[in-house]
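# Observations on the model geometry
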Amino acid sequence: MSDLIAIAYKDLATAQQVTVNLAEAQKAHLIDLDDLVIVERQDDKIKLHQPSLTGAGALGGAAWGGLIGLIFLVPFFGMAIGAASGAIAGKMSDSGIDDNFMKDLGTKLEPGGAAVIGLVRSINEEKILENVKIPGELIQTSLTDEAEQPIRDALARAGS
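Cut-offs and rules
- Throughout, residues of each chain are indexed from 1 in the direction in which the sequence is written.
- Side-chain atom pairs in this predicted model are given and counted only at pLDDT of 80 or more, local residue features only at pLDDT of at least 70, and totals for whole chains, interfaces and linings cover all residues.
- To obtain the side-chain values, all non-hydrogen atoms of the structure were used and water was disregarded.
- Helix and strand definitions follow DSSP, with helices as H or I runs of at least four residues and strands as E runs of at least two, each counted in order from the N terminus.
- Buried means the residue's accessible area, taken with a 1.4 Å probe over protein chains only, is under 20% of the maximum for its type, while exposed means over 50%, and partly exposed covers the values in between.
- Contacts: residue pairs with any heavy atoms within 4.5 Å of one another.
- Using the Shrake-Rupley algorithm and a 1.4 Å probe, accessible areas are obtained, with residue cover drawn only from the displayed protein chains.
- By nonpolar core we mean a set of buried residues, namely Ala, Val, Leu, Ile, Met, Phe, Trp, Tyr and Cys, connected to one another through side-chain atoms within 4.5 Å.
- Taking the helix axis as origin, the arc is that swept by the directions to the C-beta atoms.
- Within 3.5 Å is the distance limit for a polar contact, defined as a pair of N or O atoms, with the added protein rule that one can donate a hydrogen and the other accept it, and that residues adjacent in sequence qualify only through two side-chain atoms.
- Given a helix with a known number of residues, its expected span is that number minus one, times 1.5 Å.
- The quantity known as pLDDT measures the predictor's confidence residue by residue, on a range of 0 to 100.
- In this scheme, strands are said to pair when DSSP sees at least two bridges between them.

Below, the discussion takes up the overall build of the protein. Secondary structure assignment for the protein yields six helices and five strands. For the protein, the sequential pattern of α-helices and β-strands runs β-α-β-β-α-α-α-β-α-β-α. Looking at the 160 residues of the protein, the share that counts as buried comes to 36%. Within the protein, contacts between residues separated by at least 24 positions form 70% of all contacts whose residues are at least 6 apart in sequence. Carbon together with sulfur atoms contributes 58% to the accessible area of the protein, which is approximately 9800 Å² in total.

Further remarks concern the nonpolar core. Counting residues in hydrophobic clusters, the biggest one holds 22 residues, and the most contacted among them are I7, Y9, L22, I31, V116 and I151. Listed by contribution, the elements that provide at least two residues to this core are β1 (3–9), α1 (12–27), β2 (31–41), β4 (114–123), α5 (125–130) and α6 (145–158). Broken down by element, this core gets its largest block of residues, five residues, from α1. Setting aside residues up to four positions removed in sequence, L22 forms contacts with I31, L33, L36 and V116. If you look at the next biggest cluster of nonpolar residues, it comprises twelve residues, including A6, A8, V37 and L119.

Here helix α4 (residues 99–106) has its buried residues at M102, L105 and G106. Projected down its long axis, α4 carries its buried residues within an arc of 105°, all on one side. At its buried positions, α4 is contacted by β1, β2, β3 (46–49), β4 and β5 (137–141). A distance of 3.3 Å separates the backbone nitrogen of N100 from a side-chain oxygen at the start of α4, and that oxygen is part of D98.

This part takes up the side chain of T141. Residue position: T141 is located in strand β5. Among the polar contacts listed, one links the side chain of T141 to the backbone nitrogen of L143, at a separation of 3.0 Å.

Quick look at α1 now. Each turn of an α-helix holds 3.6 residues, which means side chains three or four residues apart point in the same direction. Look at α1: 23 Å from first C-alpha to last across 16 residues, which is about the 22 Å you get at 1.5 Å a residue. In the core, the buried residues of α1 are packed alongside β1, β2, β3, β4 and α5. With a side-chain oxygen lying 3.5 Å from the backbone nitrogen of A13, the N-terminal cap of α1 falls on D11. Backbone geometry just after α1 places H29 at a positive phi near 60°.

This part takes up the confidence of the model for the protein. Low-pLDDT portions of the prediction should not be read for the details of their coordinates. Overall, the prediction assigns the protein a mean pLDDT of 81, with 72% of residues at 70 or greater. Averaged pLDDT values for the elements of the protein fall to 50 in helix α2 (residues 54–71) and rise to 95 in β1. The low-confidence segment residues 54–59, where pLDDT is below 50, has nine contacts with residues more than four positions distant or belonging to other chains.

Time to look at the pairing of β3. Relative to β3, β2 is paired through four bridges, and the arrangement is antiparallel. The residue bridging V39 from the neighbouring strand is L48, located in β3. In sequence, β2 turns back onto β3 through a hairpin of four residues.

Structure below.
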């Protein structure tokens with residue numbers, strides 16, 4: 001089961017930098033995300049940005065396609081087909097955070113602010129929290145108060 005974690009930031013650019021950092025952490029197997037979304041509050045509009053996590057699907061598809069292609073002596077064709085099908089499968093599987101929930105959460109942000117909302121399947125908490133460099137405010141989670149506190153502490157330390 002995944003845990004929902006939403007952290008507010010001062011602006012969209014900061015939230016986008018956090019998603020880049022999370023993508024790197026996912027590549028390093030420090031975190032496993034089911035979904036990742038940026039919610040931006042413009043003056044009177046809420047905009048959802050879905051950073052692409054389909055790269056992982058494409059990479060997995062390419063690996064399987066390459067293997068199947070080797071069996072049939074056409075590895076590059078197999079890799080291309082596998083990458084395309086993996087990317088499509090990743091794009092079509094929007095089994096993540098409810099859009100209405102995200103839009104509602106976005107109305108609670110300051111105008112110009114943004115939040116990163118993630119569904120976290122697993123995490124190397126120690127390594128992730130010691131590397132938090134961008135301050136933010138934890139605004140919503142599915143965690144217990146006890147489990148939230150280390151996140152709050154890491155976000156506060158990042159600001160000093």
